[in-house]
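# Close look at the chain arrangement
Residues per chain, in single letters:
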Amino acid sequence: MDGTQEPDNGDVPRVGLFATCLVDAMRPSVGFAAAKLLQDAGCIVSVPKAQTCCGQPAWNAGDRADAAAIARQVVDTFGAFDYTVAPSGSCAAMLRIHYPALLADDPVWKGRADALAAKSWELVSFLTDICGVKSTGVHHDGVATYHDSCSGLRELGIAGQPRTLLAKVDGLTLREHDTADVCCGFGGTFCVKYTDIAAAMTDKKIDAIAATGAQTVLAGDLGCLMAIAGRARRRGIALRSRHVAEVLAGMADRPAIGEGE
Amino acid sequence: MSARDDILAALRVGAANRRASASASDPVLPARATGDAIALRDRFVEMARFAGASVGSAVAAGIPAAISAYLSKERLGDRVVLAPEPALVSLPWRSAPRLEVRTGVPGPEDRVSVTAAIAGAAETGSLLVSSGSRTANAAHVLCETHIAVLPAGDIVGGYEAALSRLRGDGGAMPRAATFITGPSRTADIEKTPQIGVHGPKRLHILLVNE
Amino acid sequence: MNSAARGFPERAAAALADPVLGAALDKLQGEFRRDRGAMLSRMPEFEALRDRAMTVRNYALADMDGLLEQFERNVIATGGTVHWCRDAEEARATVTRLCREADAKTAVKSKSMLSEEIALNDALVDAGIEPVETDLGEYILQLRRETPSHIVMPAIHLNAGQIGDAFRKSHSDRDSGRDLSNADALLAEARATLRRRFLDADVGITGANALIAETGSILLVTNEGNADLVHTLPKTHIAVVGIEKVLPTLSDAMAVVRVLARSATAQEITSYTTLVSGPARTDEADGPRAFHVVLVDNGRSKMLAGPYADALRCIRCGACQSLCPVYGAIGGHAYDAVYAGPIGAVLTPALGGLERAPHLPQASSFCGQCEDVCPVRVPLPALMRRLREDSFRRPDIAVAGRRLTRFWSWAARRPALYRPGLRLGLAMLRLLGAHRGAIRSLPFISGWTGARDFPVPEGGSFVEKWHASGREPKR
């Protein structure tokens, strides 16, 4: 499969892939994994060039004006697709939950924001809940654990879906760590503004993961994974961090996050 | 303007904003607070024990002997202070000759207090006790061991039903109405659960069978 | 007393370096998670109970003025007195006056976070009245001259050794060679010492978990039974309560009871759940002759009219603290506020002003655990975000990274500039990282590299690579 897509025949869902600023900048392979998963599920994937960021940094910093401006830009860029899908719970939650709140008082944009929100999805839950994917049919040897990124879990209710698909990955043993639903300490700019508090939280996450004997940690958000990978490396702890899309797409042969080439 | 005027005036402004989106709602009674008399009695006993109380039962005439047996089994001596409720005082205490029964308000030397409960709420195995003209409210919590006598017919499902029993038709509340669930406890020392910090170390509930 | 001179970052750093505190917090949070899971399996209707509690609290806030007036009428009808206080100073003065009028030398107290908020104990001491805390945790803190670190478990940060030392120092009339090495010995000594104080006290001061308008009653919940001795044994009972605690009916109070202990300690209900209505009746066997309710505003009526009003639903269960990962890392004292953790991050600036605690709404990863467990569904992360909005607009409040965030937003809105800028930045990072995989130190993001290695980017932008690959569908 060379990835060339067939022309749209009207029945096939057209997905606008919202790469997220972290995937775009730090780990493009996650974007390609997401595209493969979506195409294998029968979607036509488009990556609008005008995308940059969902506006979370401004939103969480309390800069409502900038957040609203970015929201309008995203609504404009992605409005035409059947679905907008992001390989990130926090960015998907931004589009799905916070854009309507941000633009609620804007008579011009409220309707469009609500429309985009209704069609915006996090990647894995889109595959299972909308595309009906039961298995991605790949093989990956190893023992892994899954970290529930907070936004995906609590704002979008994503918990069973990644585990369902990972259970079908041949050769993969999934072991739960007892605090899978506890924050890893990333929190966007939180981990940079309150470095030591965040690092203490990441340490607890890493220790809980280590207690399972898992060699790899998987999650649906790259921010979490970068924080975990970076802290584990600093502590000299051997732990591979990958985006769950990499494993599900059978594209986990690249170096893990923070690993040398 | 008095403080009262100032506060109420400020509240009127703030409350007005919220009135449109607020509504009354019906009580939510957990399944545990429902059932027939037999189910509620069993549940009351189960939940009271779960909360750390011990539960026994006897017919009215057998209560003094049951208390004597309990004290004997737990090695709590022979003396009790009895709340001066007619229903308790009129029990056949002579059928438990070993017991030394003093009627009155518990003092520093009293280790076992016997009082009457008004109702039992099965949902959490809670007793409803009350202050009153005869029973000192402190009698329910002062002594190391509290024996509460509760007619089994006064076991109800939920807290509201228990309070209805207390208030009766007039609707008046006593000075103090207390739901007691198990003995006194704390976890303030290193989060270790401990029993009997200020209130009783032991709560024994004696159900009176009809 | 905790040093107020050090700011939040310094206090947090000190807390992170404290192994006794760290162990206590790990125990608190780990056990709480476990116990809460057990509670949920025992109560399948818990979500419905939460919804009911939230609705009840909202309904009460929407009629706070009318309900407080009804409450006052009914307290008076039972023979009690109601006092209204706009702020902490008026509240302290009122309670002190009532104690003086009762010729009080000692006042036993049950746990009241509001009395901490208004700094009541200091005022009593200044007036020559000795306050004696009877909740075991509060008593220990009183001996150590410390403030509570958790709403419901105030001394959770201490170990048994520290408690034993406090007893040894303060209970000087006892045999200095006695064994205080275990929790049972500590408990027995506390029970005996405080029993004497209950019996001798002139005044009993409680807080209240709720005010019930229908009957003029107050709700008091404890596990120890100390509140029942405090409001029964002395001649005068004074309840000091925040005005937002009012509820319409007894049935509403039971709705709160059904979620309070379950959320606070994962118990079904506290050992003692009491409704007090007025002073002792003329023919009553025991009880106080005088009953006073001191209603305290202290910023609440103003909050009701503002954007943080939902936080007034709070029933002070402390569940948000028991699960918050930030609280779990630094403990309550690092917040330097009466209320710590997520609820404290909202209440402290909402009641006292942002300038009083600028860090608190910022020091959160917005994980949402707090809102998830709040029995009255206070939208804590949204309220913290709203406080951040207020902070962002205020030049007098220093917000870390304000300029960086604005620059990022500026760039994100200009894809034509963003793309080449990104290309340049990524190229630089790859140069710095070479083939090592991660960068150990980067001066302009020392907030990251201070604690973590920074993963080197894979190379190139996904959006650009995608379009260069020809995979974008033709229109």
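All of these numbers come straight from a predicted model, not from anything done at the bench. (Residues numbered from 1 in each chain as written. Chains lettered and ligands numbered in written order. Predicted model: local features only at pLDDT ≥ 70, side-chain atom pairs only at ≥ 80, totals over all residues.)

## Side note on the overall build of chain B
Applicable threshold: Only runs of H or I of at least four residues qualify as helices and only runs of E of at least two qualify as strands under DSSP, and these elements are numbered from the N terminus. Buried means a residue has 20 or more other C-beta atoms within 10 Å of its own C-beta, exposed means 12 or fewer, and partly exposed covers the counts in between; C-beta atoms are placed from the backbone. Throughout, a residue-residue contact means that the two C-beta atoms, derived from backbone geometry, are no farther apart than 7 Å.
Across its full length, chain B carries five helices and 12 strands. Considering only C-alpha atoms, chain B reaches an extent of 70 × 45 × 40 Å along its principal axes. A total of 210 residues make up chain B; the buried ones form 51% of that total. In chain B, of all internal contacts separated by at least 6 residues, the share reaching a separation of at least 24 is 73%.

## Considering the interface of chain C and chain A
As a measure of interface size, the accessible area lost when the parts come together is often cited. We apply this condition: As a working rule, the residues Ala, Val, Leu, Ile, Met, Phe, Trp, Tyr, Cys and Pro are called nonpolar, Asp, Glu, Lys and Arg charged, and the rest polar, with Gly in that last group.
At the junction of the two partners, chain C supplies 57 residues and chain A supplies 64 residues. Of all elements in the fold, only α1 (8–16), α15 (325–330), α18 (380–393), α19 (402–412), α20 (415–433), α21 (446–449), β12 (454–455) and α22 (462–468) of chain C reach the threshold of two or more residues within the side of chain C that touches chain A. For the side of chain C that touches chain A, a count of residues per class yields 29 nonpolar, 15 polar and 13 charged.

## Quick notes on the sheet that holds strand β2 (residues 44–46) of chain A
Residues and elements named next belong to chain A. Where we set the bar: Any two strands with at least two DSSP bridges between them are considered paired. Geometry is summarised by axes, namely lines fitted to C-alpha atoms with helices restricted to the contacting stretch, and by angles between N-to-C directions that run from 0 to 180 degrees.
Strand order in the open sheet made by the four strands is β2-β1-β3-β4, with parallel pairing throughout. Bordering the open sheet on either side are β2 and β4 (120–122), each of which pairs with just one other strand. Between one strand axis and the next, the sheet turns by 35° as a mean value, whatever way the strands run. Sheet analysis places strand β1 (residues 14–17) next to strand β3 (residues 83–86), joined by three bridges and oriented parallel. Bridge pairing in β3 places leucine 17 opposite valine 85.

## Looking at the sheet that holds strand β4 (residues 203–206) of chain C
Note on sheets: strands pair through backbone hydrogen bonds, and any given pair is parallel or antiparallel. Residues and elements named next belong to chain C. Across the sheet, six strands lie side by side as β1-β10-β7-β4-β2-β3; this open sheet has parallel pairing. In this open sheet, the two strands that pair with only one neighbour each are β1 (81–85) and β3 (130–133). Within this sheet the neighbouring strands show an average axis-to-axis angle of 25°, counted without direction. As paired elements, strand β2 (residues 106–109) and β3 share four bridges and run parallel to each other. Directly across from threonine 106, in β3, lies its bridge partner glutamate 130.

## Things to note about the interface of chain B and chain C
With 61 residues of chain B in contact, the opposing surface of chain C contributes 78 residues. Those elements that place two or more of their residues in the side of chain B that touches chain C are α1 (3–19), α5 (159–167), β9 (176–180) and β10 (185–186) of chain B. With 14 residues, α1 of chain B is the single largest residue contributor to the side of chain B that touches chain C. Looking at the side of chain B that touches chain C, its residues break down into 29 nonpolar, 20 polar and 12 charged. Inspection of the sheet shows β9 of chain B paired to strand β9 (residues 272–276) of chain C by five bridges, in the antiparallel sense. Note that in β9 of chain C the partner of threonine 178 of chain B across the bridge is threonine 274 of chain C.

## Brief notes about the domain arrangement of chain A
Residues and elements named next belong to chain A. Definition in use: Segmentation of the chain into domains, including their bounds, is taken from an automatic or database domain assignment.
Once the domains are mapped, chain A shows domain 1 (14–129) and domain 2 (135–248). Here domain 1 and domain 2 have C-alpha centroids that lie 22 Å from each other. Across the boundary between the two partners, domain 1 contributes 28 residues, which contact 23 residues of domain 2. Sorting the residues of the side of domain 1 that touches domain 2 by element identifies α1 (21–26), α2 (28–40), α3 (56–61), α5 (89–102) and α7 (123–130) as the ones contributing at least two each. The biggest single contributor to the side of domain 1 that touches domain 2 is α5, with six residues. Of the residues in the side of domain 1 that touches domain 2, the class split is 15 nonpolar, nine polar and four charged.

## Quick look at the nonpolar core
Definition in use: To form a nonpolar core, buried Ala, Val, Leu, Ile, Met, Phe, Trp, Tyr and Cys residues must be joined through C-beta atoms within 7 Å.
If you look at the biggest cluster of nonpolar residues, it comprises 317 residues, and the most contacted ones within it are Val149 of chain B together with Val240, Val256 and Val346 of chain C. For this core, the element with the most residues is helix α12 (residues 250–264) of chain C, which contributes 10 residues. Among all residues touching valine 240 of chain C, those that are not within four sequence positions of it are Ala91, Val95, Ser112, Leu114, Ser115, Leu120, Ile205, Gly207, Val294 and Val296 of chain C.

## Thoughts on the packing of helix α4 (residues 64–78) of chain A against helix α6 (residues 110–118) of chain A
Residues and elements named next belong to chain A. As a reminder of what qualifies: Each crossing gets its hand from how the near helix is turned against the far one by less than a right angle, where anticlockwise is left-handed and clockwise is right-handed.
Following both chains from N to C, one finds α4 and α6 inclined at 65°, their axes separated by 10 Å at the closest point. In this structure, α4 meets α6 at a crossing whose hand is left-handed. Contacts between α4 and α6 pair Ala71, Val75 and Phe78 from the former with Arg112, Ala113 and Leu116 from the latter.

## Points about the confidence of the model for chain B
Our working definition: The quantity called pLDDT is the predictor's confidence in a given residue, expressed from 0 to 100.
When the pLDDT values of chain B are averaged, the result is 96; 100% of them are 70 or greater. Two numbers describe this predicted complex: its pTM, 0.96, and its ipTM, 0.98.

## Describing unusual backbone geometry
Here threonine 20 of chain A, not a glycine, exhibits a phi torsion of approximately 80°, which is positive. Along the chain, threonine 20 of chain A falls in the loop between β1 and α1. Of note in this structure, alanine 266 of chain C is not a glycine but carries a positive phi near 65°. With respect to the helices, strands and loops of the structure, alanine 266 of chain C is situated in the loop between α12 and β9.

## Here's the deal with the environment of proline 375 of chain C
Residues and elements named next belong to chain C. You can see proline 375 is positioned in the loop between α17 (369–373) and α18. Overall, proline 375 belongs to the buried group, with 27 C-beta atoms counted inside 10 Å. Sequence spacing of proline 375 and arginine 262 is 113 residues, and the spatial spacing of their C-alpha atoms is 8.9 Å. Once residues within four sequence positions are removed from consideration, proline 375 is found in contact with Arg50, Ala53, Val259, Ser263, Ile315, Cys317 and Ala319.

## Brief notes about α1 of chain C
What counts here: Working definition: the arc comes from the directions between the helix axis and the C-beta atoms, pointing outward to the latter.
When α1 of chain C is considered as a whole, its buried residues turn out to be Phe8, Arg11, Ala12 and Ala15 of chain C. Buried positions in α1 of chain C, seen along its axis, are confined to an arc of 100° and lie on one side of it. Buried residues along α1 of chain C sit in contact with α11 (195–210) of chain A together with α2 (19–42) and α15 of chain C.

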